[in-house]
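A look at the structure
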Amino acid sequence: MSGFVEKPKPAEVPGLVHLHTGKVRDLYRNEAGELVMVATDRMSAYDWVLPTEIPDKGRILTQLSLWWFDRLADLVPHHVLSTELPPGAPADWAGRTLICRALDMVPVECVARGYLTGSGLAEYRQTRTVCGLALPEGLEDGSELPSPIFTPATKAAVGEHDENVSYEEAARQVGAETAARLRQATLAVYSRAREIARDRGIILADTKFEFGFDDGDLVLADEVLTPDSSRFWPADSWQPGRPQPSFDKQYIRDWLTSPAAAWDRHGEQPPPPLPDEVVERTSAKYAEAYERLTGVKWAAGA
Ligand SMILES: Nc1ncnc2c1ncn2[C@@H]1O[C@H](COP(=O)(O)OP(=O)(O)OP(=O)(O)O)[C@@H](O)[C@H]1O
Ligand SMILES: [Mg+2]
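Looking at an unreviewed UniProt entry, one finds the protein named Phosphoribosylaminoimidazole-succinocarboxamide synthase, with Streptomyces olivoverticillatus as its source organism. Recorded in UniProt under Catalytic activity (unreviewed entry), the annotation for the protein is "5-amino-1-(5-phospho-D-ribosyl)imidazole-4-carboxylate + L-aspartate + ATP = (2S)-2-[5-amino-1-(5-phospho-beta-D-ribosyl)imidazole-4-carboxamido]succinate + ADP + phosphate + 2 H(+)". Taken directly from UniProt, the Pathway (unreviewed entry) text for the protein runs: "Purine metabolism; IMP biosynthesis via de novo pathway; 5-amino-1-(5-phospho-D-ribosyl)imidazole-4-carboxamide from 5-amino-1-(5-phospho-D-ribosyl)imidazole-4-carboxylate: step 1/2."

Each helix and strand in the protein was counted, giving six helices and 18 strands. A compact globule built from 302 residues would reach a C-alpha radius of gyration of about 19 Å, and the protein, at 19 Å, matches this within 12%. With respect to the three principal axes, the spread of C-alpha positions in the protein is 60 × 50 × 40 Å. Taking all 302 residues of the protein together, the buried fraction comes to 39%. In the protein, the share of contacts with a sequence separation of at least 24, taken over all contacts with a separation of at least 6, comes to 62%.

All right, on to the site of ligand 1 then. Among the 18 residues in the neighbourhood of ligand 1, the closest are listed as Gly22, Lys23, Val24, Arg25 and Ala221. In terms of residue class, the shell around ligand 1 is made up of nine nonpolar, four polar and five charged.

Pairing in this open sheet of five strands is antiparallel, and the strands run S1-S2-S3-S7-S6 from one edge to the other. Edge positions in the sheet fall to strand S1 (17-21) and strand S6 (80-82), since each of these pairs with one other strand and no more. Averaged over all pairs of adjacent strands, the angle between strand axes in this sheet comes to 35°, irrespective of strand direction. Bridge count between strand S3 (residues 35-39) and strand S7 (residues 97-100): four bridges; the pairing is antiparallel. Bridged to Leu35 within S7 is Cys100. Relative to S3, helix H1 (residues 57-72) is tilted by about 125°, and along the sheet it contacts S3, S6 and S7.

Where a strand is regular, its side chains alternate between the two sheet faces. Of all the five residues making up S3, five are buried; the element is thus mostly covered by neighbouring parts of the structure. Covered by surrounding structure in S3 are Leu35, Met37 and Ala39 together with Val36 and Val38, the residues of both alternating faces. Here strand S2 (residues 25-29) runs beside S3; their pairing, made up of five bridges, is antiparallel. Paired with Tyr28 across the two strands is Val36, which belongs to S3. Where S2 folds back onto S3 in an antiparallel hairpin, the turn is made up of five residues, including Gly33, whose phi is positive at roughly 85°.

On to the nonpolar core, then. Among the nonpolar cores identified, the biggest contains 72 residues, and Val189, Phe211, Leu220 and Tyr290 are the most heavily contacted of them. Residue contacts for Phe211: discarding those within four places in its chain leaves Val106, Cys110, Leu182, Ala185, Leu218, Val219, Leu220 and Ala221.

Hydrogen bonds along the backbone pair up the strands of a sheet, which may run parallel or antiparallel. An order of S8-S16-S17 is seen for the three strands of this open sheet, with the pairing classed as antiparallel. The outermost strands of the open sheet, each flanked by one partner alone, are strand S8 (104-105) and strand S17 (217-220). Sheet analysis places strand S16 (residues 211-214) next to S17, joined by four bridges and oriented antiparallel. Counterpart to Phe213 in the pairing with S17 is Leu218.

The next thing to look at is the environment of Ala39. Within the element layout of this structure, Ala39 appears in strand S3. Each C-alpha atom, one on Ala39 and one on Asp56, is 9.7 Å from the other, the two residues being 17 residues apart in sequence. With residues up to four places along the chain from it excluded, the contact list for Ala39 reads Val24, Arg25, Gly58, Leu61, Thr62 and Arg96.

Rules of the game
- Residues numbered from 1 in each chain as written.
- Chains lettered and ligands numbered in written order.
- Predicted model: local features only at pLDDT ≥ 70, side-chain atom pairs only at ≥ 80, totals over all residues.
- UniProt positions renumbered as here; feature names shortened; annotations may be inferred.
- Helix = DSSP H or I, 4+ residues; strand = E, 2+ residues; numbered from the N terminus.
- Rg over C-alpha atoms; globule rule 2.2 N^0.38 Å.
- Buried ≥ 20, exposed ≤ 12 C-beta atoms within 10 Å, placed from the backbone.
- Contact = placed C-beta atoms within 7 Å.
- Near = placed C-beta within 6 Å.
- Nonpolar A, V, L, I, M, F, W, Y, C, P; charged D, E, K, R; others polar.
- Pairing = 2+ DSSP bridges.
- Axes fitted to C-alpha atoms, helices over the stretch in contact; angles between N-to-C directions.
- Core = buried A, V, L, I, M, F, W, Y, C linked by C-beta atoms within 7 Å.

Shown next, in the form of structure tokens:
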């Protein structure tokens, strides 16, 4: 068992049709046939949607994605059409709602890694490979890779693990031409973003993109380069050979697996509610990631 403890009800907004409740985002279609994507404050970890929300998180993710989309637009077109609130939408949707091109999504999570950690490290320790790509000997948790690699994963249904696959397997699923375009776009966007982050003292260790097609155009979709989709490490404390401090979800993961949470992530029980202190620290980490990257102070509730 995993996924939602209780699936939230979609909002009823005149002119909008509810399409999907993702772990974090609610999707609607407007009368023009565009996608209305609302980033909630839901938090997912270990394939569960946690029972406690992180105030303002959806706004931070949305504003950070917009900031990045602007800086990547010359490399690949993105899906955002406008940030205008649909008439009659709940006031709380302000700052967290994007009107997007409704795409035919490619069912592959496009991961770029410049550093070794997480599921990549686990595979490397077994076989010296990541997604079947051979890597040099002697790498540790947090090591920089000789060059960034494209490590696709197949997208899981709510409550299931995404699964790392080889490039060849991804190409079998989506076709050789699409796979090549995904790899090229993923590595181009990762490389640009990594330079931008590095200038701000942040290591972009890895990140996940989703792409979709609109009339044959490959379009960058979903959220981009947020603490939910990426591992951000402060550059000044980077030290391979141990887990890195980070601006992302790692803090929540660490708490959930600590004795304080008294929770078995491999068991049947849903995760426990988060203590206030964990909520506040997580909120602060998301805001800090936004501020360090954009150089703009996060105005809570704005
Ligand atoms: N432009 C787009 N057109 C169509 N679908 C999109 C677009 N951008 C993002 N999506 C989809 O919207 C959903 C975003 O919701 P969210 O991030 O909460 O989902 P998730 O937890 O990653 O996955 P799931 O939807 O399976 O729960 C994803 O399924 C993503 O593939
Ligand atoms: Mg998502």
